[in-house]
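The residues making up each chain are set out below.
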Amino acid sequence: MGVPPGAGRGDLGAFGSRYIVGMTAHAKLLDRILRGRSDKNIEFDSLCALLKRLGFRERVRGDHHIFSKDGVAEILNLQLANTKQRRTK
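The structure reproduced in this document is the subject of the present report. (Residues numbered from 1 in each chain as written. Predicted model: local features only at pLDDT ≥ 70, side-chain atom pairs only at ≥ 80, totals over all residues. Heavy atoms only, no water.)

What to know about the overall build of the chain
Scanning the chain from terminus to terminus reveals 2 helices and 5 strands. Mapped in sequence order, the helices and strands of the chain form the string β-β-α-α-β-β-β. Scored against the burial criterion, the 89 residues of the chain give a buried share of 20%. Considering only intrachain contacts with a sequence separation of at least 6, the fraction spanning at least 24 residues in the chain is 14%. Surface accessibility of the chain: about 6,800 Å² in total, with carbon and sulfur atoms responsible for 52%. (Helix = DSSP H or I, 4+ residues; strand = E, 2+ residues; numbered from the N terminus. Buried < 20%, exposed > 50% of the residue type's maximum accessible area, 1.4 Å probe, protein only. Contact = heavy atoms within 4.5 Å. Areas by Shrake-Rupley, 256 points an atom, 1.4 Å probe, with all protein chains shown as cover.)

With respect to the pattern of salt bridges
Tallied over the full model, the rule gives 3 salt bridges. Where Asp 31 meets Arg 35, a salt bridge forms, and the shortest distance between an N and an O atom there is 3.1 Å. One end of the pair is Asp 31 and the other is Arg 35, both in helix α1 (residues 25–35) and 4 residues apart, which spans about a single turn. Note on Asp 31: relative accessible area 18%, which makes it buried. Among the ionic pairs, Glu 58 bridges to Lys 52, the shortest N-O distance being 3.0 Å. Relative accessible area serves as the criterion here: at 43%, Lys 52 is assigned to the partly exposed category. (Salt bridge = Lys/Arg side-chain N within 4 Å of Asp/Glu carboxyl O.)

Remarks on the environment of Ser 68
One can find Ser 68 in strand β4 (residues 64–68). The sequence separation of Ser 68 and Arg 57 amounts to 11 residues, and the corresponding C-alpha distance is 5.4 Å. Leave out the neighbours within four places in its chain, and Ser 68 touches Gly 55, Phe 56, Arg 57 and Ile 75.

Okay, structure coming up:
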């Protein structure tokens, strides 16, 4: 798999995708999510941070983290799958 002209050198990332050197952690996470192959391996706190960076507002009701954004009709209601799971923070 070659690097497009002008893209610079990259490292092979998770699942063989190519990351451009200097790509932010948020950009790498968004790339993994959009590829749809590693949904179970995405850390809850990282996903929440990415959504906030993308302009979503967060409300917390108990264990539910509800994200909304002007111009987006759907809301996202996230909850840890295992409530005994520890957070990364």
